[in-house]
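Residues per chain, in single letters:
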Amino acid sequence: QQQVKQSPQSLIVQKGGISIINCAYENTAFDYFPWYQQFPGKGPALLIAIRPDVSEKKEGRFTISFNKSAKQFSLHIMDSQPGDSATYFCAARGHGNNRKLIWGLGTSLAVNP
Amino acid sequence: GAGVSQSPSNKVTEKGKDVELRCDPISGHTALYWYRQSLGQGLEFLIYFQGNSAPDKSGLPSDRFSAERTGGSVSTLTIQRTQQEDSAVYLCASSLWGGSDTQYFGPGTRLTVL
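What counts, and at which threshold
Residues numbered from 1 in each chain as written. Chains lettered and ligands numbered in written order. Predicted model: local features only at pLDDT ≥ 70, side-chain atom pairs only at ≥ 80, totals over all residues. Heavy atoms only, no water. Disulfide = S-S within 2.5 Å. Helix = DSSP H or I, 4+ residues; strand = E, 2+ residues; numbered from the N terminus. Buried < 20%, exposed > 50% of the residue type's maximum accessible area, 1.4 Å probe, protein only. Polar contact = N/O pair within 3.5 Å; in protein donor to acceptor, adjacent residues only side chain to side chain. Contact = heavy atoms within 4.5 Å. Buried area = accessible area lost by both parts, 1.4 Å probe. Salt bridge = Lys/Arg side-chain N within 4 Å of Asp/Glu carboxyl O. Phe/Tyr/Trp six-rings, centres within 6.5 Å; stacked < 30°, edge-to-face > 60°.

1. Quick look at the state of the cysteines
Counting across every chain of the model gives two disulfides over all chains. Covalent S-S linkage joins C23(A) and C90(A), the inter-sulfur distance amounting to 1.8 Å. The S-S bond linking C23(A) to C90(A) shows a torsion near -90°; that makes this disulfide left-handed. In this pair, C23(A) sits in strand β3 (residues 19–25) while C90(A) sits in strand β9 (residues 86–93), placing the two residues 67 residues apart along the sequence. Each member of the pair C23(A) and C90(A) is classed as buried. The disulfide partner of C23(B) is C92(B), and the gap between their sulfur atoms is 1.8 Å.

2. Considering the side chain of T109(B)
Residues and elements named next belong to chain B. Mapped onto the elements, T109 comes out in strand β10 (residues 109–113). You can call T109 buried: its relative accessible area is 0%. In this structure the side chain of T109 is engaged in a polar contact, spanning 2.5 Å, whose partner is the backbone oxygen of P8.

3. As for the interface of chain B and chain A
Contacts between the two partners involve 19 residues from chain B, matched on the other side by 17 residues from chain A. Surface buried jointly by chain B and chain A totals about 1400 Å² across both partners, of which 51% is contributed by carbon and sulfur atoms. Together, L43(B), D101(B) and F105(B) form the three largest contributors to the area buried by chain B at its contact with chain A, with a combined 34%. Linking chain B to chain A there are one salt bridge. The shortest N-O distance in the salt bridge between K100(A) and D56(B) comes to 2.9 Å. Linking chain B with chain A are four residue pairs in polar contact (both at pLDDT 80 or more), by the criterion used here. Of all the secondary structure elements, the ones that give two or more residues to the side of chain B that touches chain A are β4 (31–37) and β5 (44–50) of chain B.

4. Quick notes on the pattern of salt bridges
Residue and element names in this part refer to chain B. Following the criterion strictly, the structure yields six salt bridges over all chains and no others. Ionic pairing is found between R64 and D86, a salt bridge with its closest N-O pair at 2.8 Å. Taken together, the residues span a long stretch of sequence, with R64 in the loop between β5 and β6 (65–69) and D86 in the loop between β7 (75–79) and β8 (88–95) at a distance of 22 residues. As far as the burial class goes, R64 and D86 line up, both buried.

5. Things to note about the packing of aromatic side chains
Residue and element names in this part refer to chain A. Under the counting rule described, the total for this entry stands at 17 aromatic pairs over all chains. Look at Y25 and F66: their rings are 6.2 Å apart centre to centre, the planes differ by 15°, and that puts the pair in the stacked class. Remark: F66 occurs in strand β7 (residues 62–67) and Y25 occurs in strand β3; sequence separation between them is 41 residues. For F66, a relative accessible area of 7% gives the class buried.

Written out as structure tokens, the structure is:
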């Protein structure tokens, strides 16, 4: 059972374009939604995260949009650069005793020069 | 400061052999996680340690997999009687505590079972 569904599986964007990756979740108890970035041969690293009390969070060229009623959140990368080429994972975490991150399957992003 | 380190970085073994993978978390981090990442796939949760609490082993795929964490620091993931389907990158992550927002990942150990 995939509790966090991520799409697309892969994405090709031209330099300067906008990259958009979407995630949908099922469990309304989730209260923390991070995005991790992974370069080849490296472990994932936290990129940006949001909590459900806000609808948008922006850090530089990276923005998370959050739609609580639709149970969806998305990552927007503005002015995409070749250095952004990586795999992106969304995740969600519950509260209380079970605070493991539930991961999406990842999106491989390639930004063409 | 030093991040999460894992050793070895690469391990090639023969089917049926046992392997041990090591993780050194960030000093002071009480929570430690092991994940498995198959080629081009997402992160598969394996096991979670939080301080002195009993570990959450719910993600271990079979009884050939086990892990321990000694002294609340270093962790070892052991795979007995390795199979070809165990080939993957094994990632370790740590966080300040189990409810902390950020997990810090090591570079992983690439395991190849021939």
